[in-house]
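Summary of the model geometry
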Amino acid sequence: MSELEAWPKTGAVRRAGASAPSIRLDHVSKWFFKNGKRFVAVDDVNAEVEDGAFVALVGPSGCGKTTIFNMIAGFARPDRGEALYKGRPVLAPNIGIGYMTQKDALLPWRSLIANVMLPLSLQKVPAREARERALDMLQRVGLKGFAEHLPRELSGGMQKRAALARMLVFNPETLLMDEPFGNVDIQLKLQLQRELMSLWEHARKTVVFVTHDLEEAIALSDRIIVLSRRPGRVKAAITVDLPRPRDPVAIRFEAAFQEIHRRLWELCDTAQEDEDG
Amino acid sequence: MADATFSDDFTDPAIAAERRRRNVIFAARIAVAAALIIAWEALSPNLDHLVFSSPSDIAARSWEWIKDGTLLLNLLVTAEEILLGYAAGAIAAILLGLVLGSYPTVAAVFDPILMAIYGVPKIAFGPLFIVWFGINLTPKVVICGVTVFFFIFLATYEGVRNVDRELLRTIRLMGATRHQERALVMIPGAMPAILLGLKLAIPEALVGAIVGELIVSNKGIGYLIEYSASQLDSAGVFAGLFMLMILAVIANSAVNYATRKTGRDVE
């Protein structure tokens, strides 16, 4: 893995020799209609995610995090501006990206191995190879002995790991994660963050990670985009210049972490005041 | 399901008590039925025989029909109508439910039309179907099929619409085609609802076939009832009704058995 270098313009980190941003939001706005009234969910958002960067999207609930996420995934189209993936506008579901949300979305009637094999068989990988790769992935998330179990026979944490394995098994270049660890207890959350980090260190993928947990955002990402309360606007972009590889648990006790946490907290606090005031 | 929460250990006093309770319920059911029949028989000499008949007369009439083959002949006719109508209605209903469930715009177009037809009691279509299809097997199959159709269609449609959207999104991003989405997510996801619809439609299939026979027929259990009534033979009417009950019980047990068998994989 090459040395990470700072990118002066936005202060973001990128891999040496990396080209255009992987994801770009260009003056993106999105609105919805409710009872004939229009309300703006995302208002003129500009943002970039460099190839190989881990970028977190934070903000209060209802700030349009998930709307932005859906526009990158291709489930929604901007009403104004453009969402670009590798320089091309996202016009349809962005096939081939890794995708994970708060719901694990494992098929409840399929065993773990069959769930993890699914993305491979949809890409016509021969069954034997698919099985091997899926087993290997299950082993890497510590679920080797549970391949033939149904999701409901496993704990919530194991289901999360299985979803993680399924997302990573076909080696997608880009991962979109919408509060993937949103509904798990704190111990498990830290453990899953640790696993995600070590998997990510292996193969630096471009990650967009939506969360409302500020500590999680700092512990994992290279850069944090802070959104304001509705309508969602970019409040600030903070560079997390903490060393890698990181242990997402140990790093919380570093002074640099706490400094970023304080800055981030102030930003979110004022993001709230603006709206209340 | 090999699960620690399920056990049939006879030595467990709680399980033994539960078994005793179930045996008592079973015995009580038999006793109640026997008491009703005995009371009916005892009272029948003092009642209007044309209205109430009597269990012994009904048994005699049933036995007569069994012996001379009347029962078997008419039972087979009705069973055929039910089986054909149910199968045709169910297949059409599941297919349409899957299609409309996955295309909300098409569903919005057809919704009022389907609901308008659904709202009409199916018996009212009887005369029309007789004009269209004659008086033999076909109109009964069609009435039965239409009756069954709506039950299963609505169950399938709701089942498909309630499939977790997140599952669909996830496999869409994996590159699944429309067809794969349907085969891998929609059908298995809607399966419990479809099975429930299939089950609820069974007694409706009986209704459809008998209604058809009551309108016009020369064979079938409905015909036996109608004919006996026209001869003022109340024992025959009751005998026909009991045969319908037996038919309903058999059909229900068959579906219960089938759902138990498949339910494990889809639940």
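Throughout what follows, the structure given in this document is the object of discussion. (Residues numbered from 1 in each chain as written. Chains lettered and ligands numbered in written order. Predicted model: local features only at pLDDT ≥ 70, side-chain atom pairs only at ≥ 80, totals over all residues. Heavy atoms only, no water.)

**Examining the packing of helix α5 (residues 104-119) of chain B against helix α7 (residues 137-161) of chain B**
Residue and element names in this part refer to chain B.
- As a packed pair, α5 and α7 sit with axes 12 Å apart at the nearest point and diverge in direction by 150 degrees. Judged on the interaxial angle alone, α7 and α5 are roughly antiparallel. Every pair of crossing elements has a handedness; the one defined by α5 and α7 is left-handed. Contact residues: A107, L114, M115, I117 and Y118 in α5; F149, F150, F153, L154 and Y157 in α7.
- Classifying every residue of the contact of α5 with α7 by side-chain character gives 10 nonpolar, no polar and no charged. (Axes fitted to C-alpha atoms, helices over the stretch in contact; angles between N-to-C directions. Helix = DSSP H or I, 4+ residues; strand = E, 2+ residues; numbered from the N terminus. Parallel < 35°, antiparallel > 145°, perpendicular 65-115°, else oblique. Left-handed = near helix turned anticlockwise from the far one by under 90°. Contact = heavy atoms within 4.5 Å. Nonpolar A, V, L, I, M, F, W, Y, C, P; charged D, E, K, R; others polar.)

**Describing the sheet that holds strand β12 (residues 234-239) of chain A**
All names here are of chain A.
- Pairing is mixed across the open sheet formed by 6 strands, whose spatial order is β8-β9-β10-β5-β11-β12. Two strands close off the open sheet at either side, each with one partner strand: β8 (98-101) and β12. Between one strand and the next, the sheet's axes are offset by a mean angle of 15 degrees, whatever the strand orientation. (Pairing = 2+ DSSP bridges.)

**Considerations on the sheet that holds strand β7 (residues 88-89) of chain A**
Residue and element names in this part refer to chain A.
- Read across the sheet, 4 strands follow the order β4-β3-β6-β7 without closing on themselves; strand pairing throughout is antiparallel. One side of each edge strand has no neighbouring strand; the edge strands of this open sheet are β4 (37-49) and β7.
- Where strand β3 (residues 23-34) meets strand β6 (residues 80-85), 5 bridges bridge the pair, whose relative direction is antiparallel. Bridge pairing in β6 links D26 to E82.
- Here helix α1 (residues 65-73) sits on the sheet in contact with β3, β4 and β6, set at roughly 120 degrees to β3.

**Considering the pattern of salt bridges**
All names here are of chain A.
- Using the criterion set out here, one finds 22 salt bridges over all chains in the structure.
- Note that E259 and R262 form a salt bridge whose closest N and O atoms lie 3.0 Å from each other. Here the residue E259 and the residue R262 both occupy positions in helix α7 (residues 255-276), the gap between them amounting to 3 residues, near one helical turn.
- Three or more residues are tied together by salt bridges with common partners; here these are E201, R204, D222 and R244. (Salt bridge = Lys/Arg side-chain N within 4 Å of Asp/Glu carboxyl O.)

**Let's talk about the pairing of β4(A)**
Residues and elements named next belong to chain A.
- Note that β3 and β4 share 9 bridges and pair antiparallel. Counterpart to K34 in the pairing with β4 is K37.
- In textbook terms, the turn of a hairpin is the stretch between consecutive antiparallel strands, and for β3 and β4 this stretch comprises 2 residues, one of which, N35, has a positive phi near 50 degrees.

**Observations concerning the interface of chain B and chain A**
- The interface is formed by 18 residues belonging to chain B together with 23 residues belonging to chain A.
- Counting each side, the surface lost to burial between chain B and chain A is near 1900 Å², with a carbon and sulfur contribution of 67%.
- Looking at the side of chain B facing chain A, the largest losses of area belong to B:R169, B:L173 and B:M174, adding up to 38% of the total buried there.
- Our count for the contact surface shared by chain B and chain A stands at 1 salt bridge.
- Contributions of two or more residues to the side of chain B that touches chain A are made by α8 (165-173) and α9 (178-215) of chain B.
- Of the residues forming the side of chain B that touches chain A, the biggest block, 7 residues, is contributed by α8(B).
- Tallied by class, residues from the side of chain B that touches chain A come to 8 nonpolar, 4 polar and 6 charged. (Buried area = accessible area lost by both parts, 1.4 Å probe.)

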